[in-house]
Amino acid sequence: MTTLTADDRWGIQQTLALYGHFVDNGEWALLDSVFTPDARIESPAGEFTGASGARAFEEQLAASLGGHLPSHHTINTVIRAGETAGSAVAWSRYVLVTYDASAAGGDYLDTLEQRDGTWVIASRRITERNRERPSGQYSAEGAESFASFESAR
């Protein structure tokens, strides 16, 4: 395992913050600057590949909200070095506040790579928290845990 500098950690935080701003503003074309061209995105809505997949995912989310873009917040981010130089893993909580002031949240488990001096997301697993399940119960089932963060590559 490698180590991360303070500049690396700042760069990773910057990438995660930019993602939120791009999504909030519907600036889909800018997602190319925060995802690798071959990024894998795994979400409850399906699996997507690359920045174009990220755009498709976000456009699908906006459509499900009647075209209203949510206010997106990425919080409680924990970062560790990846297995190889120039790689890292970040575990974040996300909160979405929609136009009608309802909220949704979950976890991102990201693998990032440093490419040309910039940190970009190579894979993202999105899990939901506190959603009603078919049984009528609410649970964190499927949410990320410290063990999944520690074992992520």
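The structure we're discussing is the one just above.
Residues numbered from 1 in each chain as written. Predicted model: local features only at pLDDT ≥ 70, side-chain atom pairs only at ≥ 80, totals over all residues. Heavy atoms only, no water.

### Re empty space enclosed by the protein
Right, on to step 1. All told, the structure shown has one cavity of 30 Å³ or more when counted by the stated rule.
Right, on to step 2. Estimates place the volume of the largest cavity at around 30 Å³.
Right, on to step 3. Lining the largest cavity we find Tyr19, Phe35, Ile41, Ala54, Phe57, Glu58, Arg124 and Ile126.
Right, on to step 4. Where the lining of the largest cavity is concerned, the elements lending two or more residues are strand E1 (35-43), helix H2 (50-64) and strand E6 (118-129).
Right, on to step 5. The biggest single contributor to the lining of the largest cavity is H2, with three residues. (1 Å grid on protein atoms, 1.4 Å probe; cavity = no way out; pocket = protein on both sides within 12 Å on 5 of 7 lines; lining within 4 Å. Points joined across faces, edges and corners; volume = space filled by probe spheres on them. Helix = DSSP H or I, 4+ residues; strand = E, 2+ residues; numbered from the N terminus.)

### Section: unusual backbone geometry
Right, on to step 1. Here the phi dihedral of Asn76 falls at roughly 50°; this positive angle occurs in a residue that is not glycine.
Right, on to step 2. Mapped onto the secondary structure, Asn76 falls in strand E3 (residues 71-81).
Right, on to step 3. Overall, Asn76 belongs to the exposed group, its relative accessible area being 59%.
Right, on to step 4. With a phi close to 75°, Ala101 is a non-glycine residue in the positive phi region. (Buried < 20%, exposed > 50% of the residue type's maximum accessible area, 1.4 Å probe, protein only.)

### Observations concerning the pattern of salt bridges
Pairs may arise between side chains of opposite charge once their charged atoms sit close together.
Right, on to step 1. Applying the stated criterion across every chain yields a total of five salt bridges.
Right, on to step 2. For Arg129, the salt bridge goes to Asp107, with nearest N and O atoms at 2.7 Å. Note that Arg129 is positioned in strand E6 and Asp107 in strand E5 (residues 103-115), a separation of 22 residues in sequence. The same class applies to Arg129 and to Asp107, which are both buried.
Right, on to step 3. Residue Arg115 pairs with Glu113 through a salt bridge whose shortest N-O separation is 2.6 Å.
Right, on to step 4. Since its relative accessible area comes to 26%, Glu113 is described here as partly exposed. (Salt bridge = Lys/Arg side-chain N within 4 Å of Asp/Glu carboxyl O.)

### With respect to the packing of aromatic side chains
Right, on to step 1. Counted according to the given criterion, the structure contains four aromatic pairs.
Right, on to step 2. Note on Tyr19 and Tyr108: the rings are 6.0 Å apart at their centroids and 90° apart in plane angle, and the pair reads as edge-to-face. With a gap of 89 residues between them, Tyr19 in helix H1 (residues 6-24) and Tyr108 in strand E5 connect regions that are remote in the sequence.
Right, on to step 3. Residue Tyr19 is classed as buried on the basis of its relative accessible area of 2%. (Phe/Tyr/Trp six-rings, centres within 6.5 Å; stacked < 30°, edge-to-face > 60°.)

### Here's the deal with H1
Right, on to step 1. In a regular helix each residue adds 1.5 Å, so 19 residues correspond to 27 Å; H1 covers 27 Å between its end C-alpha atoms and thus fits that length.
Right, on to step 2. Along H1, the residues that are buried comprise Asp8, Gly11, Ile12, Thr15, Leu16, Tyr19, Gly20, Phe22 and Val23.
Right, on to step 3. Considering only its buried residues, H1 is in contact with E1, H2, E3, strand E4 (87-97), E5 and E6.
Right, on to step 4. Positive backbone phi, at 65°, marks Gly26, one or two positions downstream of H1. (Expected span 1.5 Å × (residues − 1). Contact = heavy atoms within 4.5 Å.)

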